[in-house]
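Each chain is listed here by its residues.
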Protein chains: 2
Amino acid sequence: MSKSSVPTSVVKLLERWFHLSPNVSAAPQRMFQSLGEEMPQSTKTAIMIIGGAEDKVHGREILHSFFIRSGSTDARIAIIPSASREPAVIGERYREIFTEMGAKGIEILDIRDRDQCEDPLLQSYVENCTGVFMTGGDQLRLCGLLADTSLMSKVRYRAQRGEITLAGTSAGAAVMGHYMIAGGGSGESPNRSLVDITTGLGIIPELLVDQHFHNRNRMARLMSAIAAHFDRLGVGIDEDTCAVFEGDGLLQVMGKGTVTIIDPAGVIHTNHSCIGATDPLSIGNLRVHLLVHGDQFDLRKRLPILKQSS
Amino acid sequence: MSKSSVPTSVVKLLERWFHLSPNVSAAPQRMFQSLGEEMPQSTKTAIMIIGGAEDKVHGREILHSFFIRSGSTDARIAIIPSASREPAVIGERYREIFTEMGAKGIEILDIRDRDQCEDPLLQSYVENCTGVFMTGGDQLRLCGLLADTSLMSKVRYRAQRGEITLAGTSAGAAVMGHYMIAGGGSGESPNRSLVDITTGLGIIPELLVDQHFHNRNRMARLMSAIAAHFDRLGVGIDEDTCAVFEGDGLLQVMGKGTVTIIDPAGVIHTNHSCIGATDPLSIGNLRVHLLVHGDQFDLRKRLPILKQSS
């Protein structure tokens, strides 16, 4: 895009992004506290899948990592609050957090209609930002607004190439795979009707993501989902916990809970195609890994790399 | 035990057991309904671990199998309701069920004090019965009354040798392993404080049993338990579902839910010994199998044998 074709409003926006936001002090407040581990200092861009309810008040470890990976005080962050029914409120909340951390530019892309995704102003935002943050809410709403739009294509393209850091929390995490868990239940034997699966935004297509994972007892629903998609990798992320992908074939875990990997690569037997919707599922030979802060998972070899062992 | 040393009351009891209970008709009511599968007709003795809330009204599949495996109309059944705080009520309920099925003799061993376990009458019951049924309630109460008593030793000895069928449901299932889950929580990342482990009755020592499994979202607590005991096999049994052990090295599944096997044999890494009680657990390489009615699990090879596959 040559500058001559860019509307004045976009030029102003780009100028704004290259200057410190006026309500941020020269020495931005750093509220980060480590969890008793070394501080995650990586400045690499990444795709960050957050299990919801991330700390927004105290250590803010995960949000701070997103800020650092988006360029720290040079960060130009686009917040997409479209999963929420109160996008203005939730967008503003994240704006305050990233402003407080010292991001250079923050814009809330308050998309409430698919047509907005064709707006050159918004397209310019995502072409020039260094980080995109998708909030929680309803993943069906988020996909309904963003799926198959040129705006989302740009975000995905840039995230997959490592040009930006893309984070999604809760509903914003659920959309990351090609397939998406839209809803489901708990308190039942795993069965096909325990989970609703549709199409996500395909940021990391091979993943099948669930969030608020152990907090909302979602093991049975993720197992029910993976029974239908043995070519995917199940990733269940607890609250205030994040699976970080730097594009090097590793999943890294940060935060206070677990990331649960459900790997069906070794599964030979299932009754999935032979049974009714509410019949219990049999699956032989799932491999399950519980990973915590500092642990990694080799996505190519499908092997955990654990920090501590006994 | 020579007959001369047996009190008259016991002789009367033995005589009673060899005659049809007076309130059972000559053609006992068979309420069994299959689950759309072949009827489990095995008459072999077995150890039956039931996940609680087994059907007591309609098909009664699991209870009927216990009745058949205890000798059908020749069955002499000892009911141990001691886990319950209302042992008389729950004991009577099972007595009615097995009476209706046509058991020849039924006695409720209403043990409320450990001293009762030395009673020659009760000891004679368990020496001469063909089936023992342990009801639900509180597994700590059940173990407190029965552990390390000669009565329990007799039951365990006879069950392990295949002389009797021994069934336990809910709390009566929890006590089956050497280690026992006494309580715990859900809705959290797996962690050491999520589960209370103590010593069970050691009927099948190598198992670590949980019950009401998916119904009460107990995957995280069983994983937390198995993290402390990698030399055991985790077995999570859903309600109205039963893991049947005939002593041939196979676990067979019957009922309407799943039996979940958590096999830690391949685990190399865990942080279990390095972390605080509420820190999240990391475990690499658990093998998990979901088994349903008709499926089996080879306990020696640790391999599932699934009825249907796709």
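Everything quoted here is computed from the prediction, not taken from an experiment.

Sorry if this is basic, but what is going on with the overall build of chain A here?
Helix and strand counts for chain A stand at 8 helices and 15 strands. Counting the 310 residues in chain A, one finds 59% classified as buried. Of all intrachain contacts in chain A linking residues separated by at least 6 positions in sequence, the fraction that spans at least 24 positions is 75%. Within the structure as shown, chain A displays about 11,700 Å² of accessible surface, and the carbon and sulfur contribution to it stands at 48%.

What is the right way to read the pattern of salt bridges from this model?
Oppositely charged side chains are able to pair whenever their charged atoms sit close together. In this structure the tally under the stated criterion is 28 salt bridges over all chains. Where B:Arg218 meets B:Asp210, a salt bridge forms, and the shortest distance between an N and an O atom there is 3.7 Å. Judged on exposure class, the residue B:Arg218 and its partner B:Asp210 are both buried. Put simply, A:Lys44, A:Arg69 and A:Glu246 are held in one network by salt bridges that share partners.

I would appreciate a short explanation of the pairing of strand E8 (residues 207-211) of chain A in the present structure.
Every other side chain in a regular strand lies on the same face of the sheet, so the side chains alternate between the two faces. Residues and elements named next belong to chain A. The buried fraction of E8 amounts to 5 of the 5 residues, a majority that puts the element mostly inside the structure. Side chains Leu207, Val209 and Gln211 project from E8 onto one buried face, and the interleaved Leu208 and Asp210 project onto a second face that is buried too. Sheet topology places E8 next to strand E9 (residues 233-237); 5 bridges connect them, and they run parallel. If you follow Gln211 over to E9, its bridge partner there is Ile237. Between the parallel elements E8 and E9, the chain passes through helix H8 (residues 219-227) in a crossover that is right-handed.

Got a minute to help me understand the environment of A:Thr99 in this structure?
Residue and element names in this part refer to chain A. Take Thr99: it is sitting in helix H3 (residues 87-101). With 22 residues separating them along the chain, Thr99 and Ile77 place their C-alpha atoms 9.8 Å apart. Within the local environment of Thr99, its side chain forms a polar contact with the backbone oxygen of Arg95, the two atoms lying 2.6 Å apart.

Could you clarify how one ought to interpret the interface of chain B and chain A in this entry?
At the junction of the two partners, chain B supplies 41 residues and chain A supplies 41 residues. Here chain B meets chain A over a buried area of about 3,400 Å², counting both sides, of which 55% is carbon and sulfur. Between the two partners, chain B and chain A, sit 0 salt bridges. Inspection of the region where chain B meets chain A yields 12 residue pairs in polar contact (both at pLDDT 80 or more). Those elements that provide at least two residues to the side of chain B that touches chain A are helix H8 (219-227) and strand E13 (283-291) of chain B. Here the residues of the side of chain B that touches chain A sort into 17 nonpolar, 19 polar and 5 charged.

Would you mind going over H8(B) with me for this structure?
In an α-helix, one turn spans 3.6 residues, which is why side chains three or four residues apart end up on the same side. Burial analysis of H8(B) places 9 of its 9 residues in the buried class, which makes it a mostly covered element. Taken as a whole, H8(B) has its buried residues at B:Met219, B:Ala220, B:Arg221, B:Leu222, B:Met223, B:Ser224, B:Ala225, B:Ile226 and B:Ala227.

Would you mind showing me how to read the packing of helix H4 (residues 120-128) of chain B against helix H6 (residues 150-160) of chain B here?
The relative placement of two packed helices is expressed as an angle between their axes plus a distance between the axes. Residues and elements named next belong to chain B. The geometry of H4 relative to H6 is characterised by a closest axis approach of 9 Å and an angle of 5° between their N-to-C directions. Comparing the axis directions of H4 and H6 gives the class roughly parallel. Residues Leu122, Gln123, Val126, Glu127 and Asn128 of H4 pack against Ser150, Leu151, Lys154, Val155 and Arg158 of H6. Of the residues assigned to the contact of H4 with H6, the class counts are 4 nonpolar, 3 polar and 3 charged.

Would you mind showing me how to read the sheet that holds strand E8 (residues 207-211) of chain B here?
Two orientations exist for strands paired in a sheet by backbone hydrogen bonds: parallel and antiparallel. Strand order in the open sheet formed by 8 strands is E8(A)-E9(A)-E12(A)-E13(A)-E13(B)-E12(B)-E9(B)-E8(B), and the pairing between neighbours is mixed. Every interior strand has two partners, whereas the edge strands, E8 of chain A together with E8 of chain B, have only one. Pairwise comparison of adjacent strand axes, ignoring direction, gives a mean angle of 20° for this sheet. Alignment of strand E12 (residues 259-263) of chain A against strand E13 (residues 283-291) of chain A, held across 5 bridges, turns out to be antiparallel. Each residue of the ladder has a partner; that of A:Ile262, found in E13(A), is A:Val288.

Just to check I follow, could you spell out the relation of the copies chain B and chain A for this structure?
Between the two copies of the chain lies a rotation about an axis combined with a shift along it. At an RMSD of 0.0 Å, chain B and chain A line up after a rotation of 180° and a shift of 0.0 Å along the axis. What the superposition gives is, in effect, a two-fold axis relating one chain to the other. In terms of C-alpha distance to the rotation axis, chain B has B:Arg287 as its closest residue, with the C-alpha 2.4 Å off the axis. Here 100% of the interface residues in chain B have copies in chain A that are interface residues too; the copies meet face to matching face.

How should I be thinking about the sheet that holds strand E4 (residues 131-134) of chain A in this particular structure?
Residues and elements named next belong to chain A. Taken in spatial order, the 9 strands of this open sheet run E3-E2-E4-E5-E1-E10-E11-E14-E15, and their pairing is mixed. What marks the edges here is a single partner per strand, and that holds for strand E3 (105-108) and strand E15 (303-305). If you compare each strand with its neighbour and ignore which way they point, the axes differ by 20° on average. Alignment of strand E2 (residues 76-80) against E4, held across 4 bridges, turns out to be parallel. When the bridges of E4 are listed, Ile79 appears paired with Phe133. Of the strands in this sheet, E2, E3, E4 and strand E5 (165-169) touch H3, which is tilted by about 175° from E3.

Honestly, unusual backbone geometry in this entry has me stumped. Any pointers?
As a rule of thumb, non-glycine residues mostly have phi less than zero, and peptide bonds are mostly trans rather than cis. Located in the positive-phi region is A:Ser72, a residue other than glycine, with phi close to 55°. Here A:Ser72 shows up in the loop between helix H2 (61-69) and E2. Judged by relative accessible area, which is 18%, A:Ser72 ranks as buried. With phi around 55°, B:Arg302 is a residue other than glycine that occupies positive phi space.

Which parts of the structure should I look at to understand the confidence of the model for chain A?
As a general rule, the predicted coordinates of low-pLDDT regions are not to be interpreted in detail. All names here are of chain A. Within chain A, residue pLDDT values average 89, and 86% of them lie at 70 or more. In this model residues 1-37 is a low-confidence stretch, pLDDT under 50, and it forms 65 contacts with partners more than four residues away in sequence or in other chains. Reported confidence for the predicted complex is 0.87 by ipTM and 0.88 by pTM.

Explain helix H2 (residues 61-69) of chain B here, please?
Across the 9 residues of H2(B), 9 count as buried, placing the element largely inside the fold. Three or more residues of H2(B) are buried, namely B:Glu61, B:Ile62, B:Leu63, B:His64, B:Ser65, B:Phe66, B:Phe67, B:Ile68 and B:Arg69.

Each value, and the rule that gives it
Residues numbered from 1 in each chain as written. Chains lettered and ligands numbered in written order. Predicted model: local features only at pLDDT ≥ 70, side-chain atom pairs only at ≥ 80, totals over all residues. Heavy atoms only, no water. Helix = DSSP H or I, 4+ residues; strand = E, 2+ residues; numbered from the N terminus. Buried < 20%, exposed > 50% of the residue type's maximum accessible area, 1.4 Å probe, protein only. Contact = heavy atoms within 4.5 Å. Areas by Shrake-Rupley, 256 points an atom, 1.4 Å probe, with all protein chains shown as cover. Salt bridge = Lys/Arg side-chain N within 4 Å of Asp/Glu carboxyl O. Pairing = 2+ DSSP bridges. Right-handed = clockwise from strand over helix to strand, strands pointing away. Polar contact = N/O pair within 3.5 Å; in protein donor to acceptor, adjacent residues only side chain to side chain. Buried area = accessible area lost by both parts, 1.4 Å probe. Nonpolar A, V, L, I, M, F, W, Y, C, P; charged D, E, K, R; others polar. Axes fitted to C-alpha atoms, helices over the stretch in contact; angles between N-to-C directions. Parallel < 35°, antiparallel > 145°, perpendicular 65-115°, else oblique. Least-squares fit on C-alpha atoms with pLDDT ≥ 70 in both. pLDDT = per-residue confidence, 0-100.

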